Amino acid sequence: MPLLISDANVLIDLEVGNLLACAFALPYELSTPDILYADELAEYHPNLPQLGLQLRELDGDGIDMAADFRRRHRGVSLYDCLALALAVKLDCLLLTGDRKLRWAASQQGVDVAGTLWLVEEKIRSATGVAGGAREAFNRMRNHWRRLAWRDVDSLISRHKEDLTAELELARGFEPPTG
C-alpha cells in the first residue's frame, strides 16, 4: 500500500469534512511524524491512530534534516519541516495544503498533494458514499478551512455527475442508468 505523509492541516480538513473514515479506507497508508501528532493533533484529535493513522519516528538524521529545512525555508513551521523530512527519508508523497510547505517540498523533489486530491481519490473509488463530497466541502468552508476554493469548484464541476449520483444514493434514490 503506498505511503502518504500528512501535515496536520490535511487531517483536520478531513475531520471537519467528516471524511476521515473515507480517507483511511482508501488504498493508502496515512502517516505523520509522531512529534507532530503529539504536539499538534493528539489533544483534539485523539482518535486518529485508532482510525489508522500511522505515527512514525524520525531518527537523528531526520531531525537534523528538518532543522536544516526550517533554517532554509522561512515561514514553514518546524512541524511541517518534520513532515517534509519524513517524506524525503521515506521517498513518498507529502499531503499538505500549505503553500510554503509545498514550495519547500518542490525544492526537495518531493511530490505533493492535498485535501482536494484525497477527496478526488474518494470520488474515483466511491469509498464512503454517504456524506458526500459537496457536504464535506460545505462543512470545511463553514469552518473557515483554507482550501483553494476555485479548485474546489472546478473539482465539483469535473465530477458533477458522480457527485449528483452520490447525493441521490445518500438520500436513498437510485441514480438513472443509461
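Scroll up to find the structure this text is about.
Throughout what follows, the structure given in this document is the object of discussion. Here the residue index of a chain counts from 1 through its sequence in written order. Two thresholds apply to this predicted model, a pLDDT of at least 70 for residue-level local features and 80 or more for giving and counting side-chain atom pairs, whereas whole-chain, interface and lining totals are computed over all residues. Derived side-chain values reflect all non-hydrogen atoms in the structure, with water molecules and hydrogen atoms excluded from consideration.

### Comments concerning the pattern of salt bridges
Right, so step 1: What makes a salt bridge here is a side-chain nitrogen of Lys or Arg within 4 Å of a carboxyl oxygen of Asp or Glu, nothing more. Scanning the model with the defined rule gives 4 salt bridges in all.
Right, so step 2: For E29, the salt bridge is made with R56, and the minimal N-O distance between the two is 2.5 Å. Of this pair, E29 sits in strand 2 (residues 29–33) while R56 sits in strand 3 (residues 54–56), placing them 27 residues apart in sequence.
Right, so step 3: Among the ionic pairs, D68 bridges to R71, the shortest N-O distance being 3.9 Å. Of this pair, D68 and R71 both sit in helix 5 (residues 60–72), separated by 3 residues, roughly a single helical turn.
Right, so step 4: Buried, partly exposed and exposed residues are distinguished by accessible area as a fraction of the type maximum, computed with a 1.4 Å probe on protein chains only: under 20%, between the cut-offs, and over 50%, respectively. By relative accessible area, which is 27% here, D68 ends up partly exposed.
Right, so step 5: Ionic contacts of the salt-bridge type, sharing partners, join the residues D68, R71 and R72 into one network. Secondary structure elements follow DSSP: runs of H or I no shorter than four residues count as helices, runs of E no shorter than two count as strands, and numbering proceeds from the N terminus.

### Some points on helix 6 (residues 78–90)
Right, so step 1: The end-to-end C-alpha distance of helix 6 is 18 Å, a good match for the 18 Å that 13 residues give at a rise of 1.5 Å each.
Right, so step 2: Taken residue by residue, helix 6 has D80, C81, L82, A83, L84, A85, L86 and A87 as its buried positions.
Right, so step 3: A positive phi of about 50 degrees marks D91, the residue just after helix 6. Given the number of residues in a helix, its expected span is that number minus one, multiplied by 1.5 Å.

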